[in-house]
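Chain by chain, the residues:
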Amino acid sequence: MGNTHTKHATRNRPLFAYNVLQLVLTDTRRPYYQRFEFIFDRMRAIRQEMVIQNLPAMETLPILEPIVRFLAYSAYHLCEVPIAEFDPKICSQHLQECLKKVLRCYEELDQASITASNSNRFEMERLYLSFNIGSTEATQSAITRYGASEPKLRLHITTQLECHRGNYFAVMQNMFQYAPLEAALASLQLPQFRRQILHQFSIAYQSRVQTVPLEWLESILHYEGRERTCLLDDCRHYNLQLVARDNGQRSADGNRNWAVKFEKATFDGQRCAIPPRKVTPIEDALENCGNISRMLLDGFND
């Protein structure tokens, strides 16, 4: 009887995902990190049961895909939460495992010449690439499977190649064109790209005399909305030299009152990248999605 119950429970896992994402996730009586912990624990138990039962790919996909979206959304949504409330490394580890398992399931279906109905394959591929910008493994696997010109992956593969070339400005430009959940996931690496650009500028634009207006840097590095107030402190974090500008009258916009003097010797390459923050354009895009729970369950149509 125990075996029958377990198999029946597994068949209802997509319904369970519907229940937790529609009911628990949207219950605002608890802070999001507590809702995340509750859902995370239960979804981890489901994944463990899937391994024990060795479910075929066709049954695994509808279970894992909502989990992937939930982990991706939570990794972004909780990126500013203290480590005591949310451990981003654990979330990232589980997200990577789930993404790779989903892609392996699609490969298994290919080998068995089975076409999944209502396939979310390209959405999962894009999330994988968004989470692994700059990864040689992710780039090669996508190009090997689809080539570099697959329309549904072209922007993401181009972003990978630009990252390998060190063109981090193009990487940031591209990621803001992603679908909202993909952009949210990619933005977790935004501090790394900004750090790389500041390092490049410290070499290319170094001068003992010339300065660069901070509002120009703000535009290049995509500091928008409330993040604009962080730029001064972020420059200080990397030991960039800030110079007060003589504007005649001090501006209410603090960034307009400052310029940056780039010098290779002063940039602190030992400092870690700034922790990720929520990004205003991405916040707006997610808000425009309306029902987040429905998005996590159903994803985006290709």
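Residues numbered from 1 in each chain as written. Predicted model: local features only at pLDDT ≥ 70, side-chain atom pairs only at ≥ 80, totals over all residues. Heavy atoms only, no water.

## What about the packing of helix H7 (residues 136-146) against helix H8 (residues 154-165)?
(1) Moving on: Where H7 meets H8, the axes come as close as 10 Å, and the angle between the chain directions of the two elements is 140°. Comparing the axis directions of H7 and H8 gives the class oblique. In the packing of H7 onto H8, the handedness of the crossing is left-handed. Together, Thr-136, Ala-138, Thr-139, Ala-142 and Ile-143 of H7 and Ile-157, Gln-160, Leu-161 and His-164 of H8 make up the contact between the two elements.
(2) Moving on: By residue class, the composition of the contact of H7 with H8 is 5 nonpolar, 4 polar and no charged. (Axes fitted to C-alpha atoms, helices over the stretch in contact; angles between N-to-C directions. Helix = DSSP H or I, 4+ residues; strand = E, 2+ residues; numbered from the N terminus. Parallel < 35°, antiparallel > 145°, perpendicular 65-115°, else oblique. Left-handed = near helix turned anticlockwise from the far one by under 90°. Contact = heavy atoms within 4.5 Å. Nonpolar A, V, L, I, M, F, W, Y, C, P; charged D, E, K, R; others polar.)

## Let's talk about the confidence of the model for the chain
(1) Moving on: This prediction gives the chain a mean pLDDT of 90; 91% of its residues lie at or above 70.
(2) Moving on: Segment residues 1-13: pLDDT under 50, and 10 contacts once partners within four positions in sequence are set aside and those in other chains are kept. (pLDDT = per-residue confidence, 0-100.)

## Focus on the packing of helix H9 (residues 168-175) against helix H11 (residues 190-204)
(1) Moving on: Remark: H9 packs on H11, axes separated minimally by 9 Å, with the N-to-C direction vectors making an angle of 150°. Viewed along their axes, H9 and H11 adopt a mutual orientation that is roughly antiparallel. For H9 against H11, the interelement crossing comes out left-handed. Only Leu-190, Phe-193, Arg-194, Gln-196, Ile-197 and Gln-200 of H11 make contact with H9, whose side of the interface consists of Tyr-168, Phe-169, Val-171, Met-172 and Met-175.

## Some words on the packing of aromatic side chains
(1) Moving on: Scanning the entire structure with this criterion turns up 11 aromatic pairs.
(2) Moving on: Look at Tyr-238 and Phe-267: their rings are 5.6 Å apart centre to centre, the planes differ by 15°, and that puts the pair in the stacked class. With a gap of 29 residues between them, Tyr-238 in the loop between helix H13 (231-237) and strand E2 (241-244) and Phe-267 in the loop between strand E3 (258-261) and helix H14 (280-288) connect regions that are remote in the sequence.
(3) Moving on: Following the ring pairs from residue to residue traces out a cluster consisting of Phe-36, Phe-40, Phe-70 and Phe-86.
(4) Moving on: In this structure, Arg-42 packs its charged tip against the face of Phe-38, placed 3.6 Å from the ring centre.
(5) Moving on: A cation sits over an aromatic face here: Arg-194 above Tyr-223, 3.9 Å from the ring centre. (Phe/Tyr/Trp six-rings, centres within 6.5 Å; stacked < 30°, edge-to-face > 60°. Lys NZ or Arg CZ within 6 Å of the ring centre and 35° of its normal.)

## What to know about the environment of Ile-63
(1) Moving on: Along the polypeptide, Ile-63 turns up in helix H4 (residues 57-77).
(2) Moving on: Each C-alpha atom of the pair Ile-63 and Ile-46 lies 8.6 Å from the other, and the pair is 17 residues apart in sequence.

## Quick notes on the nonpolar core
(1) Moving on: Phe-36, Phe-70, Leu-71 and Leu-217 are the most contacted members of the largest nonpolar core, which has 88 residues in total.
(2) Moving on: Examining the composition of this core, we find that 12 residues originate from one element, H4, more than from any other.
(3) Moving on: Ignoring any residue separated from it by four or fewer positions in sequence, one finds Phe-36 in contact with Phe-70, Leu-71, Ser-74, Leu-78, Phe-86 and Cys-91. (Core = buried A, V, L, I, M, F, W, Y, C linked by side-chain atoms within 4.5 Å. Buried < 20%, exposed > 50% of the residue type's maximum accessible area, 1.4 Å probe, protein only.)

## So, H7
(1) Moving on: Here H7 has its buried residues at Ala-138, Thr-139, Ser-141, Ala-142 and Tyr-146.
(2) Moving on: A side-chain oxygen of the first residue of H7 lies 3.4 Å from the backbone nitrogen of Glu-137; this N-cap is Ser-135.
(3) Moving on: Following H7 by one or two positions, Gly-147 has its phi on the positive side, about 80°. (Polar contact = N/O pair within 3.5 Å; in protein donor to acceptor, adjacent residues only side chain to side chain.)

## Focus on the pattern of salt bridges
(1) Moving on: Here the structure, examined in full by the defined rule, presents 19 salt bridges.
(2) Moving on: Arg-47 is the partner of Glu-97 in a salt bridge, and the nearest nitrogen-oxygen pair spans 3.1 Å. Of the two residues, Glu-97 is situated in helix H5 (residues 88-111) and Arg-47 in helix H3 (residues 32-53); the sequence distance between them amounts to 50 residues.
(3) Moving on: In this structure Glu-97 comes out as partly exposed when scored by relative accessible area, which is 38%.
(4) Moving on: The salt bridge partner of Glu-137 is Lys-100, with a shortest N-O separation of 3.7 Å. Of this pair, Glu-137 sits in helix H7 while Lys-100 sits in helix H5, placing them 37 residues apart in sequence. (Salt bridge = Lys/Arg side-chain N within 4 Å of Asp/Glu carboxyl O.)

## Some thoughts on the sheet that holds E2
Paired through backbone hydrogen bonds, the strands of a sheet run either parallel or antiparallel to each other.
(1) Moving on: If you trace the 3 strands from one edge of the open sheet to the other, you get E1-E3-E2, paired in antiparallel fashion. Bordering the open sheet on either side are strand E1 (212-213) and E2, each of which pairs with just one other strand.
(2) Moving on: For E2 and E3, the ladder comprises 4 bridges, and the chain directions are antiparallel. From the neighbouring strand, Ala-244 faces E3, where its bridge partner is Trp-258. (Pairing = 2+ DSSP bridges.)

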